[in-house]
Amino acid sequence: MGESSKQKAAGGAIPPGFIWGVSTSAYQVEGAVAEDGRGPSIWDRRCRMKGGVGDGSTGDVACDHYHRWPEDVALMTGLGIDAYRFSVSWPRVLPRGRGRVNEAGLDFYDRLIDRLLETGITPWLTLYHWDLPQALDDLGGWTNRDCAGWYADYAALVARRFGDRVRHFVTFNEFSVFTLFGYAIDWAAPGVTDRSAHLKAIHHVNLAHGLGVDVLRSLVPGASVGAIHNRQIVLPENGAEDNREAALLLDEHWNRAFPDPQILGCYPPRLAEAVEPHVRAGDMARICRPVDWFGLNHYGPIFARVDPSQVWGYGWGNAPEGSPDHGVGWPVFPDAFRDELLLISKRYRLPVYITENGCGGDRDRPDADGRVHDPHRLRYLEIYHKAMLEALAGGADIRGYFVWSLLDNFEWGAGYGQRFGLVHVDFETQKRTPKTSYGWYRDLIAAAR
Ligand code: FCB
């Protein structure tokens, strides 16, 4: 990069109207899993399975956001963010996934949305962040083609109820994580490990996305609709020749299985062949519906290696020895973030919102004065922010950035051991303490304006 673009990247490259935000998801923060008529989700079930969650914890209480949301909105106001991305819990509004509507569940989101709007924060609503109603999983979940229709009905309920106030909708969060980890590698609910189940889930979730886009467009005039993809360069572990094919297959499942059909209208080559038995005439047209933007969640690159014990013959490899690490075993590699932003801008030709980026770890603890210092997170956010500026200077059309996450929360299979929040949560007392990174992000936003 030349000197002038370096200077541009160092300042002034944030376009006008850029959106600064934070993201959370329902199961990770809400708690109140058996309150006011909410039904069980596949994550409630997984938390109760032996070995389902590493530390044996559950989302039963999580951050108790269901009750403490006014305090949490005040924390957002303190940050000065433009937008808050949260998800609706499908089983909270439709306890059995379809049929009877739970008004009390809808009321909760009404209150939250109204307060956000009063304080000048734009709600970004994610329809699906992994908490499928258990009653639907009992019918096969995403392996059942009908699940796409159940999802479309749920999307219609949400659109009708909140579409007068919410304009920004996300159909799904991180398609490939919940399909791969839920149906091929047993790291997420529902914990199936089967090639055919994985392929069906991929295709049916793609169909659900397409139907969801149409539903949102027809019910919410002027809606801004997108989907969120986790994309990370996949590298062969140790650069070894043997791991190369593993990396190519994982790349298709991880990076291309969803944005390619949804935006380019085709599956990548290896997957196209494998998924073919589940595709019906007209499906690609149902899946490939116009969206307004591309949501990118990115943390760091991933490594693949041959692993015959896994259903697809590949497994998760290790980063090279001595690689800088988040604190959760994820490599820190901001150049990969910059390159990914440039790559998706070229490949998919949509405005990009970075809908998740952040740093985990288990190091954040209050000091003797009750303050929580998180220099590792601050450093991570700084260098990833710089990488984003470089991508902007390189021509990527980036319109917004959301930190994961506002609060320390229930980190799926890792339970409460990994903290990603700008705000520390004491899970015994539910006390919230803004960390050093909270102040850094607040100042960054203020300066960018
Ligand atoms: C992403 C998830 C989010 C959170 C972060 C750390 O993959 O979308 O819910 O777990 O990772």
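Before going into details, it helps to say that this report is about the structure given with it. In every chain, residue numbers begin from 1 and rise along the written sequence. Totals for whole chains, interfaces and linings use every residue, but because this is a predicted model, local features are given only for residues with pLDDT of at least 70 and side-chain atom pairs only at 80 or more, for both listing and counting. Think of the side-chain values as coming from all heavy atoms in the structure, minus any hydrogens and water.

Of the regular secondary structure elements, the chain holds 17 helices and 13 strands. The globule rule puts the C-alpha radius of gyration for 449 residues at 22 Å, and the 21 Å found for the chain is close to it. Overall size of the chain, expressed as C-alpha extent along the three principal axes, is 55 × 55 × 45 Å. Split into buried and exposed, the 449 residues of the chain put 60% on the buried side. Note on definitions: a residue-residue contact is assigned when non-hydrogen atoms from the two residues lie within 4.5 Å. Here the analysis covers contacts within the chain between residues at least 6 apart in sequence; of these, 77% occur between residues at least 24 apart. The accessible surface values rely on the Shrake-Rupley method and a 1.4 Å probe; as for residues, cover is taken only from the protein chains in view. For the chain, the exposed area adds up to about 16700 Å²; of that, 51% sits on carbon and sulfur atoms. The positive charge centre, built from 48 side chains, and the negative charge centre, built from 57, are 3 Å apart in the chain. A helix here means a DSSP run of H or I that spans at least four residues, while a strand means a run of E at least two residues long, and both kinds are numbered starting from the N terminus. For this measure, only C-alpha atoms enter the radius of gyration; the expected value for a globule follows 2.2 Å times N^0.38, where N is the number of residues. Burial here depends on accessible area, computed with a 1.4 Å probe over protein chains only, as a share of the maximum for the residue type. Under 20% is buried, over 50% is exposed, and the range in between is partly exposed. Note on charges: Lys and Arg go in the positive column, Asp and Glu in the negative column, and His and the chain ends are not counted at all. For this purpose, a charge sits on NZ of Lys, CZ of Arg, CG of Asp or CD of Glu.

Attention now moves to the state of the cysteines. Only a pair of cysteine sulfur atoms within 2.5 Å counts as a disulfide in this structure description. As enumerated under the stated definition, the model contains zero disulfides in all. Left unpaired, Cys288 is separated from the closest cysteine sulfur, that of Cys266, by 8.6 Å.

Turning our eyes to something else, we now look at the side chain of Asn206. Mapped onto the secondary structure, Asn206 falls in helix α10 (residues 195–219). Those residues within four positions of Asn206 in sequence are excluded, and the remaining contacts are Ala257, Phe258, Pro261, Gln262, Tyr267 and Ile287.

Strands in a sheet are paired, the pairing made by backbone hydrogen bonds, and the direction either parallel or antiparallel. Think of it this way: DSSP has to see at least two bridges between two strands before they count as a pair. A barrel is described by the order of its strands in space; here eight strands give the closed sequence β1-β2-β3-β4-β5-β7-β10-β11, paired in parallel fashion. Strand-to-strand twist across the sheet, computed as the mean angle between neighbouring axes with direction ignored, equals 25°. Here four bridges tie strand β4 (residues 168–173) to strand β5 (residues 224–230), and the two strands are oriented parallel to one another. Bridge pairing in β5 places Val170 opposite Gly226. Contacts from helix α15 (residues 334–348) reach β7 (293–297), β10 (352–356) and β11 (398–404) within the one sheet, and its direction differs from that of β7 by about 155°. Angular values range over 0 to 180 degrees, each being the angle between N-to-C directions of two axes fitted as lines to C-alpha atoms, with helices fitted over their stretch in contact. Set on the sheet, helix α16 (residues 375–393) makes contact with β1 (19–23), β10 and β11; between it and β11 the angle comes to about 165°.

Any helix carries an expected span of 1.5 Å times its number of residues minus one. With 15 residues, α15 should cover 21 Å at 1.5 Å per step; its first-to-last C-alpha distance of 21 Å lies within 8% of that length. For α15, the full list of buried residues reads Pro334, Ala336, Phe337, Arg338, Glu340, Leu341, Ile344, Ser345 and Tyr348. In this structure, the buried side of α15 is in contact with α11 (244–256), α12 (259–264), β7, β10, α16 and β11.

On to the site of the ligand, then. Nearness is defined per residue: one heavy atom within 4 Å of the molecule or strand is enough. Taken together, 13 residues sit near the ligand, with Gln28, His129, Glu174, Glu356 and Glu411 positioned nearest. A 3.5 Å cut-off defines polar contacts: any pair of N or O atoms within that distance qualifies, except that in protein one atom must be a possible hydrogen donor and the other a possible acceptor, and neighbouring residues in sequence count only when both atoms are side-chain atoms. In this structure, an oxygen atom belonging to the ligand sits 2.9 Å away from a side-chain N or O atom of Glu356. Between the ligand and Trp412, the relevant distance is 3.0 Å, taken from an oxygen atom to a side-chain nitrogen or oxygen of the residue. Considering the ligand on its own, with 300 Å² of exposed area, one finds that the protein chains cover 94% of that surface. Think of it as three bins: nonpolar holds Ala, Val, Leu, Ile, Met, Phe, Trp, Tyr, Cys and Pro, charged holds Asp, Glu, Lys and Arg, and polar takes everything else, Gly as well. Grouping the constituent residues of the shell around the ligand by class yields six nonpolar, four polar and three charged.

What follows covers the pairing of β7. Here β7 lies mainly inside the structure; five of its five residues are buried. Residues of β7 alternate between two faces, with Trp293, Gly295 and Asn297 on one and Phe294 and Leu296 on the opposite face, all of them buried. With five bridges connecting them, β5 and β7 associate as parallel partners. Residue pairing across strands places Ala227 opposite Phe294, the latter belonging to β7. Pairing geometry for β7 and β10, over four bridges, is parallel. Note that in β10 the partner of Gly295 across the bridge is Tyr353.

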